[in-house]
Amino acid sequence: MNRKYQEIIDKMKLEEKCAMLSGETAFETREFKRYKIPAMLLSDGPHGLRKQAEGANHLGIGGSVPATCFPTAQAVANSWNKALGEQVGRALGEEALAQEIGVILGPGLNIKRSHTCGRNFEYFSEDPYLAGKMAAAYVKGIQSKGVSACPKHFAVNSQELKRMASDSIVDERTMRELYLTGFEIAVKDSKPGTVMSAYNLINGVYANESEQLLKDILRNGWGFEGMVVTDWGGSNDHALGVKAGSTLEMPAPGLQSVRELIKAVNDGKISESDVDDRLDELLRVVFSTRESIDKSERSFDEKAHHELARKIAGECAVLMKNDGNILPLKAGTRVALIGDFAETPRYQGAGSSLVNATELDSALSLIKETNLEMTGFAKGFNRNGAGSESLSKEALELANSSDVVLFYMGLDEMKESEGLDRTDMKVNADQLELLRKIKESGVKVVAVLHGGSPVEMQWSDDCDAIVYAALTGQGGAAAILDVISGKVNPSGKLSETWPVSYADSPVYGRYPAKGRNALYIEGLYVGYRYYNTAKINVKYPFGYGLSYTGFEYKDIRVSNEGVSFKLSNIGEVDGSEVSQLYVGFKDRDRADINTYRPENELKGFEKTFLRAGETKEVFIPFDEYTFRRFDVKKNKFVVDGGNWIIGIAANSRDIRLSAEYEISGEKIELDGTAEKAKPYIEADIRGIKEDNFRALLGRDIPEDRVKIDRSITLGELGHGRAPIGWLIAAVLSRLLKSSEKKGSPDLNLLFQYNMPLRALAKMTEGAVSMGMVDALVMEFKGFWFIGIIRLIFEAVKNVVLNASLKSKLSD
Ligand code: BGC
């Protein structure tokens, strides 16, 4: 590797070099004035910045500096508009420059394995192609301003429960085709300066310590030249991380972590040249982002960014239902505004992505600016589900004196947060009860649905129209009124399948994994790949969304470069259509465990704006991802010869044009595992037994048990043999329950509950060493006396060694 900053590296002492590879504070790298190395600020997040106020800890989210809150990634993915993603990125980049932030910790692009992951609102899709392309757009936008983006969390990180200790047991092909492809697209298309490694293990190895993941795949395979930063507290053994290709350990593990790194070099566990390589990667980001910050203004146009947030939110809205074309509402329609969310919008999710918005619109405050006539507002229900007869009564009376009810409903704050997964897909019952009563009273209902992930919608018959607003960001209320009044013709399409019932989900009953091992037995059958192949009826398919106009598809032509077709707007208003390219292997029934495939997979998309009556020729190119399959035996991607069905679709279940396309090349040779592959070929999820999964994995399924070791989580301490551990676990669960009752998630608590003991040594700025953690492990194993003695010894040792290293660093 050719090191750009070799000259500086040559001058630095080993202690200094090792010290540079971990954070100085929760969000800052170390500064070395004598080498003119400035500190660099990293900051969340994916849809708006969360620069922490002075002294705040990593999840102390209250005190962040005001910033524009854009729609969350899930919402922007519903726009299927790469240019829009780039616009969000550019705005984030500008705000980062103004706040002197070098690295923006996002976008997040983990695959939505379950509809119920608490962080799904922060992620783009259940599909890696869509996720990868949208993520690449964000990165391009952010980096066009000279700061670095940081796609996260790399990789196979799809549940919040035990997020720092969970081991994703996944077969190689599923990992490559589903969980890594999005990152591959983002890295190859947009060259992010930084990537964040995930908390979890993958097949027994921490993502942050996996040479396969960080070296073989990310760096050597995809040509990534930037730095890898650990998730906050996600480093287990920094020396192993550095060796595997992980650069910067965050947040501020303190000097004990630096000592470990120095020792690893001195003991020959890692080489000094590994440290130098990592340091060079870090310095390149530090210096280049500093240069951009120095050249820029310390302010951004808040008003313009608010307007942009509004415009983007309008393009993310998905029109789910529009019976009798009730929408857009005619000028002068007498509308009642009903629902808690009309007054207090739910526009973002909880966790490290929480933004302190510069301003916030609500439907109630803006309705007077529309051409609709408001008859009144009624809260109708409490968002947390605490039923109220009087609220409901008041709302019904108001409804009866109006032509149309705009019913603002959705998931409340407790449902979607970093650190927790939903246990069901329901909207609180009292909202639905009121909706039913309003419908029964005969008035027309337009529902505006808020939330960053799908819900069960048995109640949809109670609405004449449904606008899915998602988590809109700060300009959302205005944007949704624009849709309702027809200023904006909706063009969003769902970036995730909405099943009829949670019980239909391929991971239902198995998600989130309660133990250490999360078994990805469903293989490639995530989202529409499953529902479409197994022919399960869904509420709204992946890629679905209506418009105020209609589109016609004609004249498909397939060449070796891609597919072209004619698209016409056959309605009366201008509008945009998202056309989707799906491919499927025609002979998919003849397969074995390594070659089974879903019925169809998304391989391209294009959003086209058409004036009323206009026709355009649309072209969707093939690329390196279109026909490939990861061949486990050859350890590389291959393209199988045979016939493919090419579909151009309005959604994954509405293929408007199709054609066959033959790829000459090697025919698949079956390897005798066809019988074991049967449930995979048939997408018979419930029929997949251990034996089938073992065949897919190509090895035994690892045993799952909680070990009392550095990785035991605080919530698991009840499994230990020390009364103090039982007490800690019991107190944490009790506190969690009472925070649930309060209706808003307590992030720090959730973090602590899921935090392994080892993270104590990574998140206490050096106050706790790994030696002290080992002493605690002895304690929890029941050796309380030796444990205490060792704890005292290690604590004293830590103080002495920290002091001595500190003086060396300041020499
Ligand atoms: C989250 C990351 C976030 C980091 C810093 C972690 O807990 O998983 O997504 O960037 O904190 O706030």
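Here's a quick rundown of the structure. (Residues numbered from 1 in each chain as written. Predicted model: local features only at pLDDT ≥ 70, side-chain atom pairs only at ≥ 80, totals over all residues. Heavy atoms only, no water.)

**Details of the site of the ligand**
Our working rule: Near is defined per residue: the residue qualifies when any heavy atom it owns lies within 4 Å of the molecule or strand. N or O atoms closer than or at 3.5 Å make up a polar contact, with two conditions inside protein: a donor-capable atom paired with an acceptor-capable one, and, for residues adjacent in sequence, both atoms drawn from side chains. Surface exposure here means Shrake-Rupley accessible area, sampled with a 1.4 Å probe, where a residue is shielded only by the protein chains that are shown. Polar here means any residue other than Ala, Val, Leu, Ile, Met, Phe, Trp, Tyr, Cys and Pro, which are nonpolar, and Asp, Glu, Lys and Arg, which are charged; Gly is therefore polar.
The environment of the ligand is made up of 15 residues, and the closest members are Asp-44, Arg-119, His-153, Tyr-199 and Asp-231. At a separation of 2.5 Å, an oxygen atom of the ligand approaches a polar side-chain atom of Asp-44. Between the ligand and Arg-163 there is a distance of 3.3 Å, counted from an oxygen atom to a side-chain nitrogen or oxygen. About the coverage of the ligand: the protein hides 100% of its 310 Å² of free accessible area. Here the residues of the shell around the ligand sort into five nonpolar, three polar and seven charged.

**Some points on unusual backbone geometry**
How we decide: A helix here means a DSSP run of H or I that spans at least four residues, while a strand means a run of E at least two residues long, and both kinds are numbered starting from the N terminus. Exposure classes here rest on a 1.4 Å probe applied to the protein chains alone. A residue is buried below 20% of its type maximum, exposed above 50%, and partly exposed in between.
Residue Ala-155 is bonded to the preceding Phe-154 through a cis peptide linkage, with omega at 10 degrees. Locating Ala-155 in the fold gives a position in the loop between β3 (148-149) and β4 (167-169). A cis amide bond links Met-250 to the next residue, Pro-251, at an omega of 5 degrees. Tracing the sequence through the fold places Pro-251 in the loop between α8 (238-244) and α9 (255-266). Backbone geometry at Asn-203 places phi at a positive 50 degrees, although glycine is not the residue there. Checked against the element boundaries, Asn-203 lands in the loop between β6 (201-202) and β7 (205-206). By relative accessible area, which is 28% here, Asn-203 ends up partly exposed. Of note, the phi angle at Asp-555 is positive, near 55 degrees, even though the residue is not glycine.

**Examining the sheet that holds strand β26 (residues 654-663)**
Two modes of strand pairing occur in sheets, parallel and antiparallel, and in both the strands are linked by backbone hydrogen bonds. Put simply, the rule is: Strand pairing is assigned whenever DSSP identifies at least 2 bridges connecting the two strands. Axis definition: a line fit to C-alpha positions, over the contact stretch in the case of helices; interaxial angles, taken between N-to-C directions, run 0 to 180 degrees.
With respect to topology, four strands assemble into an open sheet ordered β21-β20-β25-β26, the strand pairing being antiparallel. Lying at the two open borders of the sheet, with one neighbouring strand each, are β21 (601-610) and β26. Averaged over all pairs of adjacent strands, the angle between their axes in this sheet comes to 20 degrees, without regard to strand direction. Of the pairings in the sheet, the one linking strand β20 (residues 575-585) to β21 comprises nine bridges and is antiparallel in character. Counterpart to Gln-580 in the pairing with β21 is Phe-605.

**A few points about the packing of aromatic side chains**
The description of an aromatic ring pair rests on the distance of the ring centres and on the angle between the ring planes. Convention followed: Pairing of aromatic side chains requires ring centres within 6.5 Å, counting the rings of Phe and Tyr and the six-membered ring of Trp. Pairs whose planes differ by under 30 degrees are stacked, by over 60 edge-to-face, and all others tilted. By definition here, charges over rings are those cases where NZ of Lys or CZ of Arg is within 6 Å of the ring centre and within 35 degrees of the ring normal.
Overall, the coordinates contain 30 aromatic pairs when judged by the stated rule. When the centroid spacing of 5.3 Å and the interplanar angle of 90 degrees are considered together, the rings of Trp-80 and Phe-605 count as edge-to-face. Residue Trp-80 is located in the loop between α3 (73-79) and α4 (82-98), and its partner Phe-605 is located in strand β21; the two are separated by 525 residues in the primary sequence. A single burial state applies to Trp-80 and to Phe-605, both of which are buried. Their ring planes at 75 degrees and their centres at 6.4 Å tell us that Tyr-129 and Tyr-625 sit as a pair that is edge-to-face. With Tyr-129 in helix α5 (residues 128-143) and Tyr-625 in the loop between β22 (615-621) and β23 (628-631), the pair connects residues that are 496 residues apart, well separated along the chain. Assigned by exposure class, Tyr-129 and Tyr-625 land together as buried. By the ring-pair criterion, three or more aromatic residues cluster together here, those being Trp-80, Tyr-129, Tyr-528, Phe-542, Tyr-582, Phe-605 and Tyr-625. One Lys or Arg, Arg-113, reaches over the ring of Tyr-520 and ends 3.8 Å from the middle of that ring. Taking NZ or CZ as reference, Arg-597 lies 4.3 Å from the ring centre of Phe-585, over its face.

Taken by themselves, the reported measurements are silent on function.
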